[in-house]
Amino acid sequence: MSADLNDELLNGVRVLVVEDEAAISMLLEDMLLDFGCTVVGPAARLSTALEMAAREVFDVAILDVNVAGEPIYPVAEAIVARDRPLVFSTGYGGAGIREPFRDRPVVQKPFSQADLKRTLLGAIRKVEG
């Protein structure tokens, strides 16, 4: 029963995706669509991600820590300024996240659909709670 409740919690959630790796971006989109989410983006460049973080309507963001060789932190700052939750996506784990973002959820690549769901739900609940 609780699995069904978790499935419904992500239904209709708008997720901003920032990922420069096309294969990972497509996989991420497929997973999010399976959850019932609406994908905003994806953005594959920092400049596009910054514009989208400022203008688009979204409930939560998934940010690749390194986008085309540039650190994602200016985008993270824009999202935090809008009081939206975010999840970092990285192959290096939480140790590679800079302050003041170390307390933010991290999903480590390669991640499973279950890992992504759990991390997204945690990020959304943290803001709501």
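Look up: the structure comes first, before these words.
Residues numbered from 1 in each chain as written. Predicted model: local features only at pLDDT ≥ 70, side-chain atom pairs only at ≥ 80, totals over all residues. Heavy atoms only, no water.

### So, the pairing of strand β1 (residues 14-18)
And then number 1: A large share of β1 lies buried, amounting to four of its five residues.
And then number 2: Sheet topology note: the β1/strand β2 (residues 38-43) ladder contains four bridges and is parallel. The residue bridging leucine 16 from the neighbouring strand is valine 40, located in β2.
And then number 3: For the crossover that starts at β1, traverses helix α2 (residues 22-35) and ends in the parallel β2, the hand is right-handed. (Buried < 20%, exposed > 50% of the residue type's maximum accessible area, 1.4 Å probe, protein only. Helix = DSSP H or I, 4+ residues; strand = E, 2+ residues; numbered from the N terminus. Pairing = 2+ DSSP bridges. Right-handed = clockwise from strand over helix to strand, strands pointing away.)

### Quick word on the sheet that holds β2
And then number 1: Read across the open sheet, the five strands follow the order β2-β1-β3-β6-β7; overall the sheet is parallel. The outermost strands of the open sheet, each flanked by one partner alone, are β2 and β7 (106-108). Neighbouring strand axes in the sheet, compared pairwise and without regard to direction, differ in orientation by 20° on average.
And then number 2: With four bridges connecting them, strand β3 (residues 60-64) and strand β6 (residues 86-90) associate as parallel partners. Counted as the bridge partner of isoleucine 62 is valine 87 from β6.
And then number 3: Each of β1 and β2 is contacted by helix α3 (residues 46-55), which is oriented at about 145° to β2, the strand it contacts most.
And then number 4: Across the sheet, helix α5 (residues 113-128) touches β3, β6 and β7, and the angle it forms with β3 is around 125°. (Axes fitted to C-alpha atoms, helices over the stretch in contact; angles between N-to-C directions. Contact = heavy atoms within 4.5 Å.)

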